[in-house]
Amino acid sequence: MIQILLFARFQEVVGEDAIGWQDAPITVAALKEQLQRTYEKFPSLDNVMVAVNEQYADNETEIQDGDTVALIPPVSGG
Amino acid sequence: MNDNFFLITEEEIQIEEVFKKVVHPNAGAVNTFIGTVREMTKGKRTLYLQYEAYVPMAESQLAQIGREIGEKWPEARTAITHRIGRLDISDVAVVIAVSSPHRAAAFEASRYAIERIKEIVPIWKKEHWEDGTMWVGDQKETTAYPGGTPKEEGQS
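For every chain, the first residue of the written sequence is number 1, and numbering continues from 1 onward in sequence order. The naming scheme follows written order: chains are lettered A onward, ligands numbered 1 onward. Two thresholds apply to this predicted model, a pLDDT of at least 70 for residue-level local features and 80 or more for giving and counting side-chain atom pairs, whereas whole-chain, interface and lining totals are computed over all residues. With hydrogens and water stripped out, all remaining heavy atoms of the structure feed into the side-chain values.

A. How the structure looks around the pairing of strand S7 (residues 92-100) of chain B. All names here are of chain B. The buried label applies to any residue whose accessible area, calculated with a 1.4 Å probe on protein chains only, is under 20% of its type's maximum; exposed applies above 50%, and partly exposed to all values in between. Only DSSP runs of H or I covering at least 4 residues are called helices, and only runs of E covering at least 2 are called strands; the numbering of each starts at the N terminus. Taking burial as the measure, the 9 residues of S7 include 9 buried ones, the bulk of the element. Any two strands with at least two DSSP-identified bridges between them are counted as paired. As paired strands, strand S2 (residues 29-36) and S7 are joined by 8 bridges and run antiparallel to one another. By the bridge assignment, Phe33 is partnered in S7 with Ile96. Where strand S5 (residues 77-83) lies against S7, 6 bridges are found, and the strand directions are antiparallel.

Structural data, given as structure tokens:
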């Protein structure tokens, strides 16, 4: 299973700070597409970065079973 | 005092502690940048802010900024503390301290650090206005990552 961490608006619309995902391995691009279809409340994932095990990942990165993924909407620290 | 040079905290930031992490005998300059909570933005009044972070990754990305500064200004030392949780007007949200033998590098590197924080560090700000709330960065007109990842240092 992949653990997907949610922050900011994503956490609010789902009401959880993490969700589990059974389908692995899967690329970042495919996961984003499937999440967008599965969670109708999600804001658009177009501008959302994905981190795999605390590292930014590109669309082709393959996520493995046991990985921790985070959805990172545009940041606004500082 | 927490000894980590790159720190996310829910506590009030002690500015002098960040300074003390980077000052050393061969430093001739320590530049500090202090980011505070602004009340008025484009005519809207902020009541307070909430910051949220992906803490372990935020700290590792702050350390990444420190490494980038070390490559650009080899004699610079950098420490950054960012606060999360509820912050009121004029509260200190972030403190950056950069020391170097001469002032130019300290000025330039601290500017570099705050700009990079706004690009790569997973921290989000929720504005609580008089008339509602919004996660900043949540709107379409703000930052996007068309290439899939935040730009690498050095790209434009």
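That covers the picture; the talk isn't over yet.
B. Layout of helix H1 (residues 15-22) of chain B. Residue and element names in this part refer to chain B. When H1 is considered as a whole, its buried residues turn out to be Val18, Lys21 and Val22. What you see down the axis of H1 is that its buried residues fit within an arc of 90°, all on one side. Contacts are residue-level and defined by heavy atoms, with any inter-residue pair within 4.5 Å sufficient. Lining the buried residues of H1 we find strand S1 (6-9), S2, S5 and S7. Comment: arc refers to directions from the helix axis out to C-beta atoms.

C. Broad picture of the interface of chain B and chain A. Taken together, the contact between chain B and chain A spans 33 residues of the former and 25 residues of the latter. What counts as buried area is the accessible surface, traced by a 1.4 Å probe, that two parts surrender upon association, with contributions from both included. Where chain B abuts chain A, roughly 2500 Å² becomes buried across the two surfaces, and 57% of that area is made up of carbon and sulfur atoms. Salt bridge criterion: a side-chain nitrogen from Lys or Arg within 4 Å of a carboxyl oxygen from Asp or Glu. For the pair chain B and chain A, the number of links is 1 salt bridge. Between N or O atoms, a polar contact is any pair within 3.5 Å; within protein, one atom must be a potential hydrogen donor and the other a potential acceptor, and residues adjacent in sequence are included only when both atoms are from side chains. At the boundary of chain B with chain A, the tally comes to 12 residue pairs in polar contact (both at pLDDT 80 or more). Those elements that place two or more of their residues in the side of chain B that touches chain A are strand S4 (44-53), helix H2 (55-72), S7, helix H3 (103-120) and strand S8 (123-129) of chain B. Of all the elements, H3 of chain B adds the most residues to the side of chain B that touches chain A, at 5 residues. Just so you know the grouping, Ala, Val, Leu, Ile, Met, Phe, Trp, Tyr, Cys and Pro go in nonpolar, Asp, Glu, Lys and Arg go in charged, and all remaining residues, Gly too, go in polar. Residue composition of the side of chain B that touches chain A, by class: 19 nonpolar, 7 polar and 7 charged.

D. View of the sheet that holds strand S5 (residues 55-57) of chain A. All names here are of chain A. With mixed pairing, the 5 strands of this open sheet are ordered in space as S2-S1-S7-S4-S5. Of all the strands in the sheet, the pair left with one neighbour each is strand S2 (18-21) and S5. With strand direction ignored, the average angle separating the axes of adjacent strands in the sheet is 30°. Every angle, taken between N-to-C directions, lies between 0 and 180 degrees, and every axis is a line fitted to C-alpha atoms, over only the stretch in contact when it is a helix. Contacting strand S1 (2-5), S2, strand S4 (49-52), S5 and strand S7 (68-72), helix H2 (residues 28-38) runs over the sheet at an angle of about 110° to S2.

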